Structures are given as C-alpha cells and as structure tokens.
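# Structure assessment
In case you want the letters, here they are:
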Amino acid sequence: MKCIIIGGSHAGVAAARALKILDPRIDVTLIEKNQTLAFISSGINLVSKGIIQKLEEAHNYSPKELTDLGVKVLLSTEVLKIEKNEIKVICTMINDGSTITQELPYDFLIAAIGSTPAIPLSLTSEKKDILTYKSFNESAFALDRIKKAKKIALIGLGFVGMEFADTWMKEKELFLIDRRDYPLAGYFDEEFIRPILSNIPNNVTFNLNTTVKKIDKDKKTGTYTLTFHSNEKISNVDLIVSTSSSLPNSQLLEGLVDLNFDHTVSVNDYLQTSIENIYAVGDLLEKPLFSTQLEIGGVFKPLVSQAQRSGFVAAYNIYSNNQLPYQSSNRTIATTFGEYYLASSGMTEIDTIIYKRKCVSVTKEISVDGGETLKLQLMFEKGTNILLGAELLTTSKILVELINLLSLMIQTKMDIFDIIQSDFYFQPEFTSYARYLQQIALESLPAIG
C-alpha cells in the first residue's frame with residue numbers, strides 16, 4: 001500500500017510517523033516544498049528568550065527521524081497537481097539547480113498543507129509593509145527586522161500575538177491592537193485574566209476594541225502611521241506585525257474535493273474528504289469544538305496539538321479502514337505573559353451562552369507551596385454538575401500543567417464528585433499538585449448547590 005502525504009506540517013509528520021509505527025510495510029512518502037519539517041512558528045520567540053540558539057532548532061522532528069522509520073522524505077518538492085482518476089500526484093523537485101518533474105502513484109493521500117497568515121492588504125498598497133511569520137523562511141526574515149525595530153505595532157492579540165508581546169515587551173516599544181475588548185478573547189473570560197493587564201510596562205500600549213483603517217508609509221524615513229476607524233493615530237512605527245488570522249492552504253484541492261465556505265476542507269468523522277482515498281488534516285480542517293449535541297459546525301482554529309491529533313487519526317483510519325472517529329476539541333492552550341502562566345480548556349462563560357448550556361462558574365484563588373498563587377475558574381453544568389470548562393492563572397510554571405488533567409476531565413465528562421473522589425497519590429515528601437483541583441472542587445460545592 002502506497003500513501004503520499006502532501007505537507008511536512010505538524011499534522012503531516014504525525015501522520016507519517018503513525019503510519020510507519022502502525023505498519024512498517026506501508027510505503028509512505030512525505031512531500032514538503034520547503035527544507036524544514038514541522039517548523040515551530042513561535043521559533044522567533046524561542047530564539048529571543050534563549051530557549052534555542054537558532055531557528056534551525058525550532059522543529060519537532062528532523063528528516064532523519066522520519067527516514068529512520070522508513071519514511072521517504074522529499075524536501076524542496078512541490079506538488080503541482082493531484083490526478084484523482086489516474087491516482088497519482090505530479091510534483092517538481094529542485095536538485096543541484098535543476099528542476100525534475102515526477103509522477104508518483106498512491107493508494108491513499110493525506111493533505112497536510114497547513115495554513116498561511118492572512119495579510120489585510122486593504123490597509124496598505126504593499127504586502128511587505130505588514131510582517132507575518134509562520135514558515136522557517138518567513139521567520140528568518142522577520143527575526144532580522146524585529147531585532148532592528150524599536151517601535152512595533154502588533155495587530156491581533158490572540159494566542160500567537162500575546163506570545164509575541166510577551167517576548168518583545170522588555171526591549172521594544174509595543175502598540176498592541178485588537179478589535180475585541182480584551183486580549184485572548186475566545187480562550188478566557190475578561191474578568192479572569194484582568195490581573196495580567198494590571199502591571200504593564202510603560203513601553204506597552206493596548207489599543208483595544210478598535211481596528212486599523214489605513215496604513216501610510218513615510219518614504220523618506222521608512223516609518224509607518226496607523227490610522228484607526230476612530231481617527232486616532234500611531235505615528236513613527238518602525239514595523240507592523242500581524243498575527244490576526246490565517247487561511248487554509250487548500251488551493252491545490254480546489255475543484256478536486258468539497259470545500260467549506262471558508263476554504264477549509266469538508267471531511268467526515270474519519271477525516272475522509274469527498275474522495276474516499278483522500279484525507280485532510282491539520283490546518284485544512286474546521287475543528288468541532290466541545291462535546292455537544294448543538295449543531296453549530298466546526299471552527300477554524302490552527303493549533304499544533306490539534307494538527308498532530310488529526311494526523312494520527314487519519315493515519316489510523318487508513319490503517320484500520322475507518323475505525324476511529326475524530327473527537328471534538330477542548331481548544332486547550334497554555335501561554336505566558338509577564339509573570340503569569342495562563343491556560344484554558346473547554347468552554348468559557350461566553351461559550352456556554354452560544355452553546356446554550358446552563359452553567360455555574362466558580363472562581364477560587366489559593367496559595368500553594370513555595371509562595372506561588374493559583375487562580376482557577378471552573379465551569380460546571382447545572383443539574384449534571386459536569387465540568388465543561390476551566391481557566392487557570394498562576395505564577396508557577398509547574399502548576400500550568402494542571403490544564404492537561406483538566407482537559408482530560410472535560411473530555412471524559414467528569415462531574416464535581418468524580419473530581420473530588422479521583423484517586424490521586426499522597427506522598428508527604430513531595431506535592432501532588434492534582435490535589436489542588438480536589439481542594440478547589442470541594443470548595444465549589446456550595447456554589448453549585
């Protein structure tokens with residue numbers, strides 16, 4: 001059996017590894033048009049913080065790790081066309097300066113082409129005026145410009161934007177812009193994360209609940225002026241960075257398989273497209289959020305963890321003839337800003353309104369060993385007492401790991417009594433941090449009735 005994977009994204013690499021682990025006899029070819037695999041788009045932040053020394057280290061797996069499993073890895077190779085009738089892909093490879101065209105047959109194909117940052121070109125006449133970073137080449141170019149800039153305007157304060165702000169706010173003058181009322185909206189409730197905004201350095205300015213109307217460039221100085229729809233302005237900006245949104249790279253699949261209105265790929269529960277031997281994974285998908293009977297549809301939310309999970313599911317379904325449905329996502333994330341570590345999983349209070357779930361929100365704050373603090377908000381469904389969502393704010397890097405346990409509790413529909421009765425270890429010589437969840441759940445009982 002031959003399986004071709006288009007795209008060395010996190011999802012593509014996960015699918016390739018899973019196929020070879022499940023059955024080493026499967027002939028797996030991974031095609032990637034760039035020279036890196038599973039690049040971590042926050043690599044510029046990791047370099048700046050000294051976590052890695054160079055961008056080349058910002059990846060989850062190297063080509064050698066895949067070839068050691070028996071995967072054929074074709075780098076600097078671009079797929080031009082997928083022939084569904086002849087069941088083959090046509091691709092070009094650059095080798096020693098010359099271009100070689102190949103036709104590769106397949107039995108199954110996995111599209112893992114990823115996504116591209118969206119640039120709001122309506123604001124400016126030139127694409128290069130707004131900087132984005134996701135691929136290795138984009139990040140290398142961005143890192144050089146960021147280092148040289150003194151005054152930066154950042155558009156988009158979601159997960160990626162706040163990571164950028166946390167990285168550079170100690171050495172740059174930052175203007176943080178978002179159309180929503182507060183940063184990380186969609187992951188956290190406003191009141192819960194208010195403490196992270198209370199100790200912002202003077203070189204950081206939030207411009208919230210607003211959008212940019214136009215961008216003007218001074219041809220002499222090379223600096224920018226941003227004009228908001230309120231007609232307020234920011235002048236003498238050295239660099240504009242956008243992390244506001246991404247678009248799925250589904251162009252290769254147009255006219256081949258069914259696409260959704262937002263250009264994501266339409267798939268069934270097993271990640272099959274409208275052509276049964278073609279699967280789609282990663283940032284090409286709308287992900288179903290939460291485990292709910294309310295039919296709202298999926299959400300396009302590019303996250304590495306979801307991409308990797310979808311890659312495994314597609315691989316397993318090719319191996320098992322579609323035995324594993326793709327589960328809904330809790331949208332679990334963790335990040336850092338200033339002195340705080342933040343994490344969330346499941347529904348926020350706003351989500352419970354959208355999904356028509358009657359809930360009780362309980363927020364508790366406790367001091368833990370070593371003088372660290374832990375603030376936790378839990379969302380319980382009225383009547384069933386099932387945990388639907390959790391938000392965590394702490395000064396402890398270790399405690400942020402609790403969000404993974406909370407995500408599992410949400411996924412398995414544990415109620416408050418299940419949490420209190422969970423069988424966690426007791427050892428007086430070191431701390432079981434999971435016991436803090438039981439303490440907070442117990443203190444929440446009077447509130448939920």
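Not measured: the values here are computed from a predicted model.

This part takes up the overall build of the protein chain. When helices and strands are tallied, the protein chain shows 11 helices and 22 strands. Computed over C-alpha atoms, the radius of gyration of the protein chain comes to 23 Å, within 12% of the 22 Å expected from 2.2 N^0.38 for 449 residues, which places it in the range of a compact globule. Structurally, the protein chain occupies a C-alpha span of about 65 × 60 × 45 Å along its principal axes. Among the 449 residues that make up the protein chain, the fraction classed as buried is 51%. Within the protein chain, counting contacts between residues at least 6 apart in sequence, those at least 24 apart form 59% of the total. Counting every atom, the protein chain has about 21,500 Å² of accessible surface; 49% of that belongs to carbon and sulfur.

Turning to the sheet that holds strand β13 (residues 224-228), a few remarks are in order. Strand pairing in a sheet relies on backbone hydrogen bonds, with the paired strands running either antiparallel or parallel. Taking strand neighbours across the sheet as the criterion, the three strands line up as β12-β13-β14 in an open arrangement whose pairing is antiparallel. Looking along the sheet, the strands with just one partner apiece sit at the ends: β12 (212-217) and β14 (233-237). On average, each strand axis in the sheet is tilted by 15 degrees relative to the strand beside it, whichever way the strands run. By the bridge criterion, three bridges tie β13 to β14 in an arrangement that is antiparallel. The residue of β14 that forms the bridge with L226 is I234.

This part takes up unusual backbone geometry. Although it is not a glycine, S76 adopts a positive phi angle of roughly 50 degrees. Looking at where S76 falls in the secondary structure, it is placed in the loop between β3 (72-74) and β4 (77-83). Phi at N231 takes a positive value of approximately 75 degrees, unusual for a residue other than glycine.

Next up on the list: the pattern of salt bridges. All chains considered together, the criterion is met by 17 salt bridges. Here K49 and D166 are joined by a salt bridge, their closest N and O atoms 2.8 Å apart. Of this pair, K49 sits in the loop between α2 (43-48) and α3 (63-67) while D166 sits in helix α5 (residues 159-168), placing them 117 residues apart in sequence.

Here the focus is helix α4 (residues 136-148). Each turn of an α-helix holds 3.6 residues, which means side chains three or four residues apart point in the same direction. Its 13 residues place the ends of α4 19 Å apart at the C-alpha level, agreeing with the 18 Å of an ideal helix rising 1.5 Å per residue. Residues of α4 that are buried include every one of F136, S139, A142, L143 and I146, and no others. What you see down the axis of α4 is that its buried residues fit within an arc of 120 degrees, all on one side. Among the exposed residues of α4, those oriented more than 90 degrees off its buried face are N137 and K148. On its buried face, α4 sits against α2, β9 (151-155), α5 and β15 (239-242).

Counting buried positions along α5 gives eight out of 10 residues, so the element sits mostly inside the fold. F159, G161, M162, F164, A165, D166, T167 and W168 are the residues of α5 that are buried. Elements in contact with the buried residues of α5: α2, α4, β9, β10 (173-178), β15 and β18 (333-337).

Another aspect to go through is the domain arrangement of the protein chain. The domains assigned to the protein chain are domain 1 (2-42 + 58-115 + 246-320), domain 2 (119-242) and domain 3 (333-447). Put simply, the middle of domain 1 and the middle of domain 2, counted by C-alpha atoms, are 31 Å apart. On the domain 2 side, the residues contacting the nine residues of domain 1 number nine residues. Ranking the residues of domain 1 by area buried against domain 2 places F39, S41 and L303 at the top, with a combined share of 50%. Our count for the contact surface shared by domain 1 and domain 2 stands at one salt bridge. A salt bridge links D283 to K134; the shortest N-O distance between them is 3.4 Å. Here domain 1 is connected to domain 2 by one residue pair in polar contact (both at pLDDT 80 or more). Looking at the side of domain 1 that touches domain 2 residue by residue, the class counts come to two nonpolar, five polar and two charged.

Here is what the cut-offs are and how they apply
- Residues numbered from 1 in each chain as written.
- Predicted model: local features only at pLDDT ≥ 70, side-chain atom pairs only at ≥ 80, totals over all residues.
- Heavy atoms only, no water.
- Helix = DSSP H or I, 4+ residues; strand = E, 2+ residues; numbered from the N terminus.
- Rg over C-alpha atoms; globule rule 2.2 N^0.38 Å.
- Buried < 20%, exposed > 50% of the residue type's maximum accessible area, 1.4 Å probe, protein only.
- Contact = heavy atoms within 4.5 Å.
- Areas by Shrake-Rupley, 256 points an atom, 1.4 Å probe, with all protein chains shown as cover.
- Pairing = 2+ DSSP bridges.
- Axes fitted to C-alpha atoms, helices over the stretch in contact; angles between N-to-C directions.
- Salt bridge = Lys/Arg side-chain N within 4 Å of Asp/Glu carboxyl O.
- Expected span 1.5 Å × (residues − 1).
- Arc of directions from axis to C-beta.
- Domains from an automatic or database assignment.
- Buried area = accessible area lost by both parts, 1.4 Å probe.
- Polar contact = N/O pair within 3.5 Å; in protein donor to acceptor, adjacent residues only side chain to side chain.
- Nonpolar A, V, L, I, M, F, W, Y, C, P; charged D, E, K, R; others polar.

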